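Close look at the chain arrangement
Listed below are the residues making up each chain.
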Amino acid sequence: MASFKVGSKSEVFHLSGHTWLNSTGLKPDVMIQVQDQTFHLHKFPLLSRSGYLETLFSKASESTCVAQLHDIPGGPDTFLLVAKFCYGARTEITTENVASLRCAAEYLQMSENYGDANLITLTESFLNDTVFTNWNDSIKALESCEHKLIPLAEELHIVTRCIASLANKASYAEDTTTSWNGIQTKSTSGNWWFNDVSSFLNISMYKRFIKTIESRGVKADIITASVTHYAKRNLPLLGSSRHCGSSSSEEGTNRGDDGIYYSNDDQKSLLEEIVELLPSQKCATSTRFLLRLLRTSMVLRASAVTRGNLERKIGVQLDEAALEDLLIPNMGNSAETLYDIDSVQRILDHFIIRERATVSPYELPETIIGGMHTCSTKRASTSTSHSTSLVHRTDIAGWFFDTDSDNDDTSGKCYTQEGDNGNANMVMNGTMKERVYELEKECTSMKQDLDKLVKTKEGRSFFSKLFGLRSKTKTSPGDKDGLMKE
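A short tour of the structure in this document, coming up. Note that the coordinates shown come from a computational prediction; the quantities given were computed from them, not determined experimentally.

On to the nonpolar core, then. General note: in soluble globular proteins, nonpolar side chains tend to be found buried as a group. Counting 103 residues, the largest nonpolar core has Ile32, Leu41, Leu69, Tyr206, Phe209 and Ile213 as its most contacted members. Sorting elements by how many residues they give to this core places helix 3 (residues 75-87) first, with 8 residues.

Now the structure itself:
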């Protein structure tokens, strides 16, 4: 961690309870209260460096001036560093405290009008010459701005400059090609920054970072990869392995990478933000991952706008999907169908609208056509029968599995057979059966885990890292594997 030391005098303060006392031997004539701590100081060192304190104490008539600075940026810890600086005591400006010192210096009006090499000048120089030139230092400085310092850190453009510094370095991160014994190999070094921004930036900061690199021409597939990484790292319910309380680093556990449990509302808000960040270009995001987001959005009961956005993105590239991908569990409390037929119908509508001028519905993959026909005919027949339960689990087996079939094809394709009654039966191999059961199991597991999260952690704030709070519960090693494949 980079640092810069100023001052030469030895330590001149010591703490007694909640009071900081000066060891110079001179009687203090200033008492400053900062939150729960009190500082007994002297006028001259302070007034010679701070325009704010000079104005404040020049109006005081008492022999001992009393002031309250409860709203000073950084609180008591930062004011102690400011006091040391004013007394010429050894003070260390670091990557982690420079933002708070810069804000405090602005608050106290510590410009060059009150002494050469004053605190505003020193902190600005350290930011420009050290922090903004280094990736790790920019990350730490930005992280320190997320809580107490905003909005003053925004007014001083510290946040904007940190993000610009990070975006500049990420924008130039490209894949490199090396040659060994005449063979060209590609090194995927362009995603080295994914893990840092996913681990240290809350969603607000991350959104600004993504928007900035997008404006600088970073390719859509790189942005998608980063957003996907962020989602997998910070959305516990996103993934196929969900074991409540697991300490595994495997994706999809109910803990974030920082070991914090996430509430339903927190995850829903994060999911909605993530969906908005996905590039709009067709196939920029894989269809399978979009469908995973859609299933998760249904579990979390995300907004209709979010679900509609995902359905539209999936519909635009529906030709990339397989039938098993479209087996979307119905997450409604009073679900009458095991799978969400309405959602699939809307996805298909988006596809047909996009392709209506050039593509016939019969150009869809055979497996999808069969699945859509099955869902449509089954929904029509059950609707006309006025049955109280449109689709039962026993019906699913009848729709999708023909146990009497002699077909032993292992290619994963589906076939449609129509009888006199017009109903379709899908013939699937063992692999497809297993996938359907996996989806059913996944649906049940997601609901159970969500219930546990809400019941055991209700009323707490679990999004400490992502939304700027700090109330952690249990810890876990978290996700150390970086970006995971679909």
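This is not the end of the story, as more comes after the structure.
The strands that make up a sheet are held in pairs by hydrogen bonds between backbone atoms, and each pair lies either parallel or antiparallel. On the basis of which strands lie adjacent, the open sheet formed by 5 strands has the order 2-3-5-4-6 and mixed pairing. Edge positions in the sheet fall to strand 2 (13-16) and strand 6 (65-68), since each of these pairs with one other strand and no more. Across the sheet, the mean angle from the axis of one strand to that of its neighbour is 20°, orientation sign disregarded. Where strand 4 (residues 30-34) meets strand 6, 4 bridges bridge the pair, whose relative direction is parallel.

Below, the discussion takes up the environment of Gly88. Residue position: Gly88 is located in the loop between helix 3 and strand 7 (91-94). Considering only alpha carbons, one finds Gly88 and Glu11, 77 residues apart in sequence, at a separation of 9.7 Å. Not counting chain neighbours up to four residues away, the residues in contact with Gly88 comprise Gly7, Ser8 and Lys9.

A few words now on the packing of helix 4 (residues 98-107) against helix 5 (residues 119-131). Orientation of helix 4 relative to helix 5, taken along the N-to-C sense of each, is 150°, at an axis distance of 9 Å. In this view, helix 4 runs roughly antiparallel relative to helix 5, as classed from their interaxial angle. Every pair of crossing elements has a handedness; the one defined by helix 4 and helix 5 is left-handed. Contacts from Val98, Leu101, Arg102, Ala105 and Glu106 in helix 4 reach Leu119, Ile120, Thr123, Glu124, Phe126, Leu127 and Val131 in helix 5. Classifying every residue of the contact of helix 4 with helix 5 by side-chain character gives 8 nonpolar, 1 polar and 3 charged.

What counts as what
- Numbers given to residues run from 1 along each chain, matching the order in which its sequence is written.
- Since the coordinates come from a predicted model, pLDDT governs what is reported: local features require at least 70, and pairs of side-chain atoms require 80 or more to be given and counted, while whole-chain, interface and lining totals use all residues.
- Side-chain measures here rest on the full set of heavy atoms in the structure, leaving out hydrogens and waters.
- Think of a nonpolar core as a cluster: buried Ala, Val, Leu, Ile, Met, Phe, Trp, Tyr and Cys residues, connected wherever their side-chain atoms sit within 4.5 Å.
- Any residue under 20% of the maximum accessible area for its type is buried, any over 50% is exposed, and the rest in between are partly exposed; the area is computed with a 1.4 Å probe on protein chains only.
- By definition, any uninterrupted DSSP run of H or I lasting at least four residues is a helix, any uninterrupted run of E lasting at least two residues is a strand, and each is numbered from the N terminus.
- Each pair of strands is called paired provided DSSP finds at least two bridges between the two strands.
- Between N-to-C directions, angles span 0 to 180 degrees; the directions come from axes that are lines fitted to C-alpha atoms, helices contributing only their stretch in contact.
- Note on contacts: a residue pair qualifies if any of its non-hydrogen atoms lie within 4.5 Å across the two residues.
- Put simply, angles under 35 degrees are roughly parallel, angles over 145 are roughly antiparallel, angles from 65 to 115 are roughly perpendicular, and the rest are oblique.
- Crossings are sorted by hand: turned counterclockwise from the far helix by less than a right angle, the near helix makes the crossing left-handed, and turned clockwise it makes it right-handed.
- All residues other than Ala, Val, Leu, Ile, Met, Phe, Trp, Tyr, Cys, Pro, Asp, Glu, Lys and Arg, Gly among them, are scored as polar; the first ten of these are nonpolar and the last four charged.

Any functional reading would require information that these geometric values do not contain.
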